[in-house]
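Tertiary structure, described
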Amino acid sequence: MSVSWATSSPAELRAHHARDAEERAGPLPDDVHETVVEEAGAFRGGLLFTPPDPLPDAALLYFHGGGFVAGSPTTHRCVTGWLAKLTGMRVLSARYRLAPEHPFPAQRDDAVAACAALVTIGADRLVLAGDSAGACVALWGLRGLGPGMRARVAGLALLYGGFGGIEGGSIARHGTAENGLDAETLSIMYRRLGPLVEDIWPLAFAGEVALPAYVLAAELDAVFDDSALLFQRLGSRTDSRFVVAAGQDHGFLKGAGRDPVALEELQALAGWVKQLGAA
């Protein structure tokens, strides 16, 4: 079935995204245990990945991509399973409500609730992470935390994120209607979140973020410029990293377990996480 990220229904986009993720995924690590975490109160549930002998008080909270309208912890279980293996940390892949049925700030509120849920299972130190739209959700969640909870966050892992930009050189070079990352489709994607004020986008508030960040951009990605601009606006920290995955396109990490490049990039990210002191 042919789909359009601009005009297809949410149901069609979700089915397409799930099929694509299944086709691209490699196997999960044999020694990582996957557990369904049920919805509880404001927390929407998700999948918890536990490696052998996990670090007792640190965990990574992950938000999946999918253009805010598609995706789930299941579509990204290969990425999160390997992150658990490589970091030695528990990884909670959190569910959040999707647009257009649930306009912003539902996504921010669900990210905040997921942080609280992770603390209840004994994680005193957190790394917030996400890919594509999920990188945006991670930053929204950070912005929504109170001072006490924010103090628990050791750093951010932001993987080929879409942070609100709808024009620029990388979009002109690599964005197409087929991949859903041309200027017109990106505008439609962002409008699905409902009426937003301009400063809700991370490119506008990145200067507020004082945490170390690992920003991964894919060289052939239409939203490459979003990652580059975000990193510039985060401010200078010697413990932050801007990494370019040479020859890669948007979403390539979903091949982890099968694609050696995806696994190498996750290994590099895991090494940075360990250096944070969160691990």
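The structure this text deals with has already been given above.
Read on for a plain summary of the structure. In this text the structure is predicted, and so the values were computed from the model without any measurement. (Residues numbered from 1 in each chain as written. Predicted model: local features only at pLDDT ≥ 70, side-chain atom pairs only at ≥ 80, totals over all residues. Heavy atoms only, no water.)

Some details on the overall build of the protein
Tallying secondary structure elements over the protein gives 10 helices and 8 strands in all. Relative to a compact globule of 279 residues, whose C-alpha radius of gyration would be 19 Å, the protein shows 17 Å and is just as compact. In terms of principal-axis extent, the alpha carbons of the protein reach across some 45 × 40 × 40 Å. Residue burial in the protein is summarised as follows: out of 279 residues, 54% are buried. Partitioning the intrachain contacts of the protein with sequence separation of at least 6 by distance along the chain shows that 76% fall at a separation of at least 24. As displayed, the protein offers around 11,200 Å² of accessible surface, 53% of which is attributable to carbon and sulfur atoms. For the protein, the separation between the mean place of its 23 positive charges and that of its 32 negative charges on side chains is 5 Å. (Helix = DSSP H or I, 4+ residues; strand = E, 2+ residues; numbered from the N terminus. Rg over C-alpha atoms; globule rule 2.2 N^0.38 Å. Buried < 20%, exposed > 50% of the residue type's maximum accessible area, 1.4 Å probe, protein only. Contact = heavy atoms within 4.5 Å. Areas by Shrake-Rupley, 256 points an atom, 1.4 Å probe, with all protein chains shown as cover. Lys, Arg positive; Asp, Glu negative; His and termini not counted. Charge placed at Lys NZ, Arg CZ, Asp CG, Glu CD.)

A look at the sheet that holds strand β1 (residues 33-37)
Spatially, 8 strands are ordered β1-β2-β4-β3-β5-β6-β7-β8 in an open sheet, and the strand pairing comes out mixed. Every interior strand has two partners, whereas the edge strands, β1 and β8 (241-245), have only one. Sheet twist, expressed as the average angle between the axes of neighbouring strands with direction ignored, equals 20°. Of the strand pairs in this sheet, strand β5 (residues 125-131) and strand β6 (residues 153-159) are connected by 6 bridges, and their pairing is parallel. Residue pairing across strands places Ala129 opposite Ala157, the latter belonging to β6. Across the face of the sheet, helix α3 (residues 106-120) comes into contact with β3 (58-63), β4 (90-94) and β5 while running at roughly 155° to β3. Taken strand by strand, helix α9 (residues 224-234) contacts β6, β7 (213-218) and β8, and its axis lies near 155° from that of β7. (Pairing = 2+ DSSP bridges. Axes fitted to C-alpha atoms, helices over the stretch in contact; angles between N-to-C directions.)

Section: the environment of Leu196
Considering the arrangement of structural elements, one finds Leu196 in the loop between α7 (183-191) and α8 (202-205). The residues touching Leu196, leaving out its near neighbours within four places in the chain, are Phe104, Tyr190 and Trp201.

Examining the pattern of salt bridges
Evaluated as defined, the whole model comprises 13 salt bridges. Counted as one network, the salt bridges with shared partners bring together Glu39, Arg44, Arg97 and Asp110. (Salt bridge = Lys/Arg side-chain N within 4 Å of Asp/Glu carboxyl O.)

Quick notes on the nonpolar core
Core analysis: the biggest nonpolar cluster contains 53 residues, and Leu61, Phe63, Phe68, Trp140, Leu156 and Leu158 have the highest contact counts within it. Ranked by the residues each element gives to this core, the list is headed by helix α4 (residues 133-144), at 8 residues. Once residues lying within four places of it in the same chain are set aside, the contact partners of Phe63 are Ala94, Tyr96, Ala111, Ala114, Ala129, Gly130, Asp131, Gly134, Val137 and Ala138. Residues Tyr62, Val91, Ala245 and Ala270 belong to the second largest nonpolar core, which totals 33 residues. (Core = buried A, V, L, I, M, F, W, Y, C linked by side-chain atoms within 4.5 Å.)

Read these as layout, nothing more, since geometry by itself doesn't imply function.
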